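Summary of the model geometry
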Amino acid sequence: MQTSTQRAYQLNQAFDVPFLMEMHDNDLSAISAILVTASQQIAEELDRCMILAEKGDCNEIKRRIHLVKPLWGYCGLPQLQMKYQLLEYFLGENPDAERIRTRLHQEYGQIIEGLNLITNEAIRIHEFLKQPAS
Amino acid sequence: MKITAVIVEDLSVAAEMLQRYCVKSGRVNVIQSFSSVETALPFLSEQVVDLIFLDVEMPGASGFDLLDKLSYSPQVILTTSKTEYAYNAFEYNVTDFLKKPFTYQRFIDALGKLREEAEKREEADDISHIYIKSDGKLIRLENDDILYIESMGDYVKFITNEKKIITHNTIKNLTSKINPAVFCKVHRSYIINMNKISDVRENMLYIKGQMIPISKANRTMVMSRLKII
């Protein structure tokens, strides 16, 4: 349900705001909930992928990247969904362990930035929703 | 009346979002949600549904494997994050293809296509014959003349009382085109005319002395269509 308070909130423009608002019916609580769930799941899978990369388990990393890839989109960050798509293509070439490690380490910083963006936005929305309606 | 549907999707966020859209539309009743083909298949072999929201890449079997194993042809809306599956979607005659994530409006557009597809299927239910292309001409076959249809890779063989006709087609494609009241897919390589079965023994059925296998996945559906008294 959209309220006057929610209308006053400005989402960080790094997100695809129109898409996010439409997908979640302009409901800030729903957006906050999905940001929290998605960031947790992406972070968990990223940790697993980094461990799997040490073993060079290409297929399992590819499966996990594929699984969480749409979560970036559900959070309104299509550019990171595309990054994961490119990673999936890369893993589809069955690279050796060294190439997987190098590539994941190259991407790691930007992925963490994306996760921080999501986490910070979820906190900001949470704080905003705690404020009494004026 | 609401459409009965199941969701087969391994990403819980996507499944929840889809469920929410279905409720919001007021047109779709999701009776069950599964995270893999292996868990969905036993349910779908027992329960006929109007629609499946189907992810393609899941751990274990893929969404297309599920469609291969189903003995009936519900309407299917593919939900995937890879556009590369569009060609397969066409091959499997799916009703629509939703790229994750998608908006509510895009979801509603897909439901709109269901109505058109349902109308086409209702027309197919009334048809007593089909035309097939063979030797550069269109040949009319009455449903009642067809005993069964056998897959031969990219071709299929129509076996009638009097002749065998080979044509370029697939069992997958035919499943959605033929009259479902008369025909039934009993195996990934066979569609049979239910009215022509002479007897059934364990995992085999016989039509005019020809032995036809019934796959494990299709057995429940086939048995449920026999009028056993």
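Summarised in this report is the structure supplied together with it. Here the structure is a predicted model, which means the values were calculated and not measured. (Residues numbered from 1 in each chain as written. Chains lettered and ligands numbered in written order. Predicted model: local features only at pLDDT ≥ 70, side-chain atom pairs only at ≥ 80, totals over all residues. Heavy atoms only, no water.)

1. A short note on the overall build of chain B
Secondary structure assignment for chain B yields seven helices and 15 strands. For chain B, whose C-alpha radius of gyration is 18 Å, the value lies close to the compact-globule estimate of 17 Å for 229 residues. With respect to the principal axes defined by its C-alpha atoms, chain B has extents near 55 × 40 × 35 Å. By sequence separation, contacts in chain B at least 24 residues apart represent 51% of the contacts at least 6 residues apart. Of the roughly 11,400 Å² of accessible surface on chain B, a fraction of 50% belongs to carbon and sulfur atoms. (Helix = DSSP H or I, 4+ residues; strand = E, 2+ residues; numbered from the N terminus. Rg over C-alpha atoms; globule rule 2.2 N^0.38 Å. Contact = heavy atoms within 4.5 Å. Areas by Shrake-Rupley, 256 points an atom, 1.4 Å probe, with all protein chains shown as cover.)

2. Considerations on the sheet that holds strand 14 (residues 204-207) of chain B
Residues and elements named next belong to chain B. Spatial ordering of the open sheet is given by 13-14-15, a layout of three strands whose pairing is antiparallel. Unpaired on one side and paired on the other, strand 13 (199-201) and strand 15 (210-213) mark the two borders of the sheet. Within the sheet, the average angular offset between the axes of one strand and its neighbour, ignoring direction, is 30°. For strand 14 and strand 15, the ladder comprises four bridges, and the chain directions are antiparallel. Residue pairing in the sheet places L205 in a bridge with I212 of strand 15. (Pairing = 2+ DSSP bridges. Axes fitted to C-alpha atoms, helices over the stretch in contact; angles between N-to-C directions.)

3. Overview of the packing of aromatic side chains
Residues and elements named next belong to chain B. Throughout the structure, instances matching the rule amount to eleven aromatic pairs over all chains. Ring centres of Y21 and Y104 lie 5.4 Å apart, and the angle between their planes is 70°; on these two criteria the pair is classed as edge-to-face. Note that Y21 is positioned in helix 1 (residues 12-25) and Y104 in helix 5 (residues 104-126), a separation of 83 residues in sequence. By relative accessible area, Y21 is classed as buried at 3%. Residue Y104 is classed as buried on the basis of its relative accessible area of 16%. (Phe/Tyr/Trp six-rings, centres within 6.5 Å; stacked < 30°, edge-to-face > 60°. Buried < 20%, exposed > 50% of the residue type's maximum accessible area, 1.4 Å probe, protein only.)

4. Quick word on the pattern of salt bridges
All told, the structure shown has 22 salt bridges over all chains when counted by the stated rule. Between E150(B) and K157(B) there is a salt bridge, and its shortest N-O distance comes to 4.0 Å. Linked by salt bridges that have partners in common, E45(A), R48(A), E60(A), R63(A) and R64(A) make up one network. (Salt bridge = Lys/Arg side-chain N within 4 Å of Asp/Glu carboxyl O.)

5. Re the environment of T80(B)
Residues and elements named next belong to chain B. Examined against the element boundaries, T80 turns out to sit in strand 4 (residues 75-80). Once the C-alpha coordinates of T80 and F53 are considered, the two residues, 27 residues apart in sequence, prove to be 9.9 Å apart. Ignoring anything within four residues of it in the chain, the contact list for T80 reads D55, V56, Y85, F97, L98, K99 and K100. From its side chain, T80 meets the backbone nitrogen of K82 in a polar contact 3.2 Å long. (Polar contact = N/O pair within 3.5 Å; in protein donor to acceptor, adjacent residues only side chain to side chain.)

6. A word on the nonpolar core
Note on soluble globular proteins: their nonpolar side chains tend to be buried together. Grouped together as the largest cluster of nonpolar side chains are 65 residues, with contacts concentrated most on W72(A), Y84(A), F53(B) and F107(B). Once residues lying within four places of it in the same chain are set aside, the contact partners of Y84(A) are I42(A), L46(A), I65(A), V68(A), K69(A), W72(A) and I111(A). (Core = buried A, V, L, I, M, F, W, Y, C linked by side-chain atoms within 4.5 Å.)

7. Comments concerning the interface of chain A and chain B
Interfaces are often described in size by the accessible area the parts lose on coming together. Counting residues at the interface gives 21 residues for chain A and 21 residues for chain B. Each partner contributes to the roughly 1,800 Å² buried at the junction of chain A and chain B, and carbon and sulfur atoms together form 59% of this total. Counting across the interface, chain A meets chain B through two salt bridges. In this structure, K82(B) and E88(A) form a salt bridge, with 2.9 Å as the shortest nitrogen-oxygen distance. Where chain A touches chain B, the interface holds five residue pairs in polar contact (both at pLDDT 80 or more). Listed by contribution, the elements that provide at least two residues to the side of chain A that touches chain B are helix 2 (17-23), helix 3 (28-55), helix 4 (58-74) and helix 5 (78-92) of chain A. For the side of chain A that touches chain B, the element with the most residues is helix 4 of chain A, which contributes eight residues. Its residues assigned to classes, the side of chain A that touches chain B shows nine nonpolar, seven polar and five charged. (Buried area = accessible area lost by both parts, 1.4 Å probe. Nonpolar A, V, L, I, M, F, W, Y, C, P; charged D, E, K, R; others polar.)

8. With respect to the packing of helix 2 (residues 37-46) of chain B against helix 7 (residues 216-225) of chain B
All names here are of chain B. At a minimum axis distance of 8 Å, the contact between helix 2 and helix 7 shows a crossing angle of 20°. Considering the angle they form, helix 2 stands roughly parallel to helix 7. Read as a crossing pair, helix 2 and helix 7 show a hand that is right-handed. Only A217, T220 and M221 of helix 7 make contact with helix 2, whose side of the interface consists of L41, S45 and E46. (Parallel < 35°, antiparallel > 145°, perpendicular 65-115°, else oblique. Left-handed = near helix turned anticlockwise from the far one by under 90°.)

9. A look at the pairing of strand 5 (residues 96-99) of chain B
Residue and element names in this part refer to chain B. Summarising the sheet, strand 4 and strand 5 pair through four bridges and their orientation is parallel. Paired with T80 across the bridge in strand 5 is K99. Between strand 4 and its parallel partner strand 5, the chain crosses via helix 4 (residues 86-91), and the hand of that crossover is right-handed. (Right-handed = clockwise from strand over helix to strand, strands pointing away.)

10. A look at helix 1 of chain B
All names here are of chain B. With 14 residues, helix 1 extends 20 Å from end C-alpha to end C-alpha; this agrees with the ideal 20 Å at 1.5 Å per step. Those residues of helix 1 that sit buried are V13, A14, A15, M17, L18, Y21, C22 and S25. Of the residues trailing helix 1, G26 is marked for its positive phi of about 70°. (Expected span 1.5 Å × (residues − 1).)

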